[in-house]
Amino acid sequence: MTHKKVIVALDSNNLLKTLKLVKDLKKEVYAFKIGYQFFLRFGLDGYKKVYRIYPKIFLDLKLHDIPNTVQMGIKALSVIKPIFTTIHISGGDQMMQSAKLSRNNTKLLGVSILTSLNSDQTKKYYNQNNLTKLVEKFAKSAKINGLNGVVCSPKEIKHIRKAVGKNFIIVTPGIRIDNKVKKDDQKRVETPKKAIEMGANYLVIGRPITKSSNPLKALRKINQSLS
C-alpha cells in the first residue's frame, strides 16, 4: 500500500470502544485525531491510553486567544507530543508567530474556514461570500507566519495548493464516501480519492469509518481507493 493518508477522528463518548477501535485500525491509519469531544471527556488519561497504543495523534483543539495565551498553550501540549495541533488563523499574525515559538516537534496547522460554513455564513461573519478567495488568503497568511500547514475543505484544496506550493501540509476534513449525502453538518465535502488528487496530504475521516458496521473493512476500502 502507498503512504498512509487517513487520519481517523475519534469522536466518541465510550473510551473502551474507542481504544478497541484504535487497536483494530492502527496498522491501516496515518494517525488518529482527538478533538473536543474526546479530550474534554477523557482528558490526558484518555489521550495517553490512545498514545500508548498508537503515538501518532492529531490533537485538534483549535486554539484561538491572545498571543501569549496561545503560546503557553502550545508549550503545555507539546509535552504530550501530538504530531499535529491546530490554531485559528483568524487569531492574527502575532498569535501565529507566538505559537510557533513553543511547538517543538509538533506541527502547527492553521484553521481557515470551518467546513460547516457556507457562503451565506462567511458573508455574514467575514464580509466575503467567495469561500475560495477567503480560504486562499488565510492559507497564505498561515505560511507567511511560519505555520506548517492548514486545515481546509476539499473544495479549496487545489486553490490553496497552487497558492502555497508543494511543501505545505494540507489536511482535509469533510470527507464522505458518498458526497451526495443530503443531511450533513459538513457543507463542503468530497470523496477520498478526489481530495488526494486535488492536492491534500492527509484526510480526516470520522463517521464513514467509525459508524460503519465494519470500521476496518471501511478503512481498507478507502485505502485501496487511494493506492
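Let me sum up the structure you'll find in this document. (Residues numbered from 1 in each chain as written. Predicted model: local features only at pLDDT ≥ 70, side-chain atom pairs only at ≥ 80, totals over all residues. Heavy atoms only, no water.)

1. With respect to the pattern of salt bridges
Definition in use: A pair is scored as a salt bridge if a Lys or Arg side-chain nitrogen falls within 4 Å of a carboxyl oxygen belonging to Asp or Glu. Segments assigned H or I by DSSP are reported as helices when at least four residues long, segments assigned E as strands when at least two residues long, and all are numbered from the N terminus. For every residue, the accessible area (1.4 Å probe, protein chains only) is compared with the maximum for its type, and the residue is labelled buried under 20%, exposed over 50%, or partly exposed between those bounds.
Applying the stated criterion across every chain yields a total of seven salt bridges. In this structure, Glu-28 and Arg-220 form a salt bridge, with 3.4 Å as the shortest nitrogen-oxygen distance. Of this pair, Glu-28 sits in the loop between α1 (15-25) and β2 (31-34) while Arg-220 sits in helix α10 (residues 215-226), and the two are 192 residues apart along the sequence. Assessed through its relative accessible area of 15%, Glu-28 is described here as buried. Judged by its relative accessible area of 40%, Arg-220 is partly exposed. One salt bridge connects Lys-49 with Asp-45, and the closest N-O pair in it is separated by 3.4 Å. With Lys-49 and Asp-45 both in helix α2 (residues 36-53) and four residues apart, this pair spans about one turn of that helix.

2. Comments concerning the environment of Phe-38
The cut-off we apply is this: Contacts were defined at the residue level, with two residues in contact if any of their heavy atoms lie within 4.5 Å.
Locating Phe-38 in the fold gives a position in helix α2. On the basis of relative accessible area, Phe-38 is assigned to the buried category, the value being 0%. Along the backbone, Phe-38 and Leu-15 are 23 residues apart, and their C-alpha atoms lie at a distance of 8.4 Å. If we skip the residues at most four places from it in the chain, Phe-38 touches Leu-10, Ser-12, Leu-15, Thr-18, Gly-43, Gly-46, Tyr-47 and Val-50.

3. Examining the sheet that holds strand β3 (residues 57-63)
Formally: In this description, strands pair whenever DSSP reports at least two bridges between them. For helices, the fitted axis covers only the stretch in contact; all axes are lines through C-alpha atoms, and the angles between them, taken along N-to-C directions, range from 0 to 180 degrees.
Within the closed barrel, the eight strands sit side by side as β1-β2-β3-β4-β5-β6-β7-β8. Their pairing is parallel. With strand direction ignored, the average angle separating the axes of adjacent strands in the sheet is 25°.

4. A look at the packing of α1 against α2
How we decide: Crossing handedness follows the turn of the near helix against the far one: under a right angle anticlockwise gives a left-handed crossing, and clockwise gives a right-handed one. Residues are grouped as follows: Ala, Val, Leu, Ile, Met, Phe, Trp, Tyr, Cys and Pro are nonpolar; Asp, Glu, Lys and Arg are charged; every other residue, Gly included, is polar.
At a minimum axis separation of 11 Å, α1 and α2 run at an interaxial angle of 30°. Read as a crossing pair, α1 and α2 show a hand that is right-handed. Of α2, the residues touching α1 (which contributes Leu-15, Thr-18, Leu-19, Val-22 and Lys-23) are Phe-38, Phe-42, Gly-46, Lys-49, Val-50 and Ile-53. Each residue belonging to the contact of α1 with α2 can be placed in one class, and the counts come to seven nonpolar, two polar and two charged.

5. Here's the deal with the packing of helix α5 (residues 119-126) against helix α6 (residues 131-144)
Inclusion rule: Working definition: roughly parallel below 35 degrees, roughly antiparallel above 145 degrees, roughly perpendicular at 65 to 115 degrees, and oblique for all remaining angles.
Running from N to C, α5 and α6 point in directions that differ by 55°, and their axes come no closer than 10 Å. Considered as vectors, α5 and α6 are oriented oblique to each other. Counted together, Ser-119, Thr-122 and Tyr-126 of α5 and Leu-131, Leu-134 and Phe-138 of α6 form the full contact between these two elements. Broken down by class, the residue content of the contact of α5 with α6 amounts to four nonpolar, two polar and no charged.

6. Quick look at the environment of Gln-37
The cut-off we apply is this: Whenever two N or O atoms come within 3.5 Å, that pair is a polar contact, provided that in protein one can donate a hydrogen and the other can accept it, and provided that, for residues adjacent in sequence, both atoms are side-chain atoms.
Secondary-structure assignment places Gln-37 in helix α2. It is 29 Å that separates the C-alpha atoms of Gln-37 and Ser-225, two residues lying 188 residues apart in sequence. With sequence-adjacent residues up to four places away left out, Gln-37 is seen in contact with Asp-11, Ser-12 and Asn-13. Of note is the side chain of Gln-37, whose polar atom sits 3.0 Å from the side chain of Asn-13.

7. Brief notes about the pairing of strand β5 (residues 107-111)
Remark: a regular strand shows side chains that alternate across the two faces of the sheet. For clarity, the cut-off: Classification remark: right-handed applies to a crossover when, strands pointing away from the viewer, the course from the first strand over the helix to the second runs clockwise.
The buried fraction of β5 is high, at four of five residues. Pairing geometry for strand β4 (residues 84-88) and β5, over five bridges, is parallel. Paired with Ile-87 across the strands is Gly-110, a residue of β5. On the question of chirality, the crossover connecting β4 to the parallel β5 by way of helix α4 (residues 93-100) is right-handed. Note that β5 and strand β6 (residues 149-151) share three bridges and pair parallel. Considered in β6, the bridge of Leu-109 is made with Gly-149.

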